[in-house]
Amino acid sequence: NCKRGVQFHGEAKAVPVILGPVSFARFATIASTSSATKQSLVADLIPVYKDLLIKVKALGVKEIQIHEPALVFDDAELLPHFKSVYPEILPGDVSINMVSFMEDVGEDNYQWLQSENNGVD
């Protein structure tokens, strides 16, 4: 519950931490009886994350930390998801701190993170 953290720490200090949608889909287990795919899951998560981030921003926080551990995978199928998801879900006027794990995010993912049109600060 982000509200509780913001109330306790204050808007200037509270930094909500959210698992990113691409990693959520990458690590999800889809039942063999389901017609869902990783791609359809990512698409289904876009409006959910967009709404979540709008609500978190409305709490007055200055920064949102998004954890995307899937950035460490050198998987060509993931990069298009990062490129399509983040411009859709990120609210303006709040800093986004993208967090991954390990030291290397792969060259293609690094180039995307450094691009000006990724929506991430």
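All values reported here derive from a predicted model rather than from experimental measurement. (Residues numbered from 1 in each chain as written. Predicted model: local features only at pLDDT ≥ 70, side-chain atom pairs only at ≥ 80, totals over all residues. Heavy atoms only, no water.)

Undergrad: Can you walk me through the nonpolar core in this structure?
TA: Side chains of a nonpolar character, in soluble globular proteins, are inclined to be buried together. Core analysis: the largest hydrophobic core is formed by 31 residues, its most contacted members being Ile64, Ile66, Phe82, Tyr86, Ile89, Leu90 and Trp112. With 7 residues, helix 3 (residues 38-58) is the largest single contributor of residues to this core. Setting aside residues no more than four positions away along its own chain, isoleucine 64 makes contact with Pro16, Ile18, Leu53, Val56, Lys57, Val94, Ser95, Ile96 and Asn97. (Core = buried A, V, L, I, M, F, W, Y, C linked by side-chain atoms within 4.5 Å. Buried < 20%, exposed > 50% of the residue type's maximum accessible area, 1.4 Å probe, protein only. Helix = DSSP H or I, 4+ residues; strand = E, 2+ residues; numbered from the N terminus. Contact = heavy atoms within 4.5 Å.)

Undergrad: Mind showing me how you'd approach the environment of valine 72 here?
TA: Assignment of secondary structure puts valine 72 in the loop between strand 2 (63-67) and helix 4 (79-89). As a C-alpha pair, valine 72 and glycine 20 span 52 residues in sequence and 13 Å in three-dimensional space. What valine 72 contacts, discounting residues up to four positions off in sequence, is Ser100, Phe101, Met102, Asp104 and Val105.

Undergrad: Looking at this model, I keep getting lost on the packing of aromatic side chains. Mind explaining?
TA: The geometry of an aromatic ring pair is captured by the separation of the ring centres together with the interplanar angle, meaning the angle of the planes. Enumeration over the complete set of coordinates arrives at 4 aromatic pairs. Aromatic pair tyrosine 86 and tryptophan 112: ring centres 5.8 Å apart, planes at 50°, arrangement tilted. Placement of the pair is tyrosine 86 in helix 4 and tryptophan 112 in helix 5 (residues 107-114), with a sequence separation of 26 residues. The class of tyrosine 86 is buried, set by a relative accessible area of 0%. On the accessibility criterion, tryptophan 112 (5% relative accessible area) is buried. Chaining the aromatic ring pairs together yields one cluster made of Phe82, Tyr86 and Trp112. The residue whose ring lies beneath arginine 26 is phenylalanine 73, and the NZ or CZ to ring-centre distance is 4.1 Å. (Phe/Tyr/Trp six-rings, centres within 6.5 Å; stacked < 30°, edge-to-face > 60°. Lys NZ or Arg CZ within 6 Å of the ring centre and 35° of its normal.)

As far as function goes, none of this settles anything; it's purely spatial.
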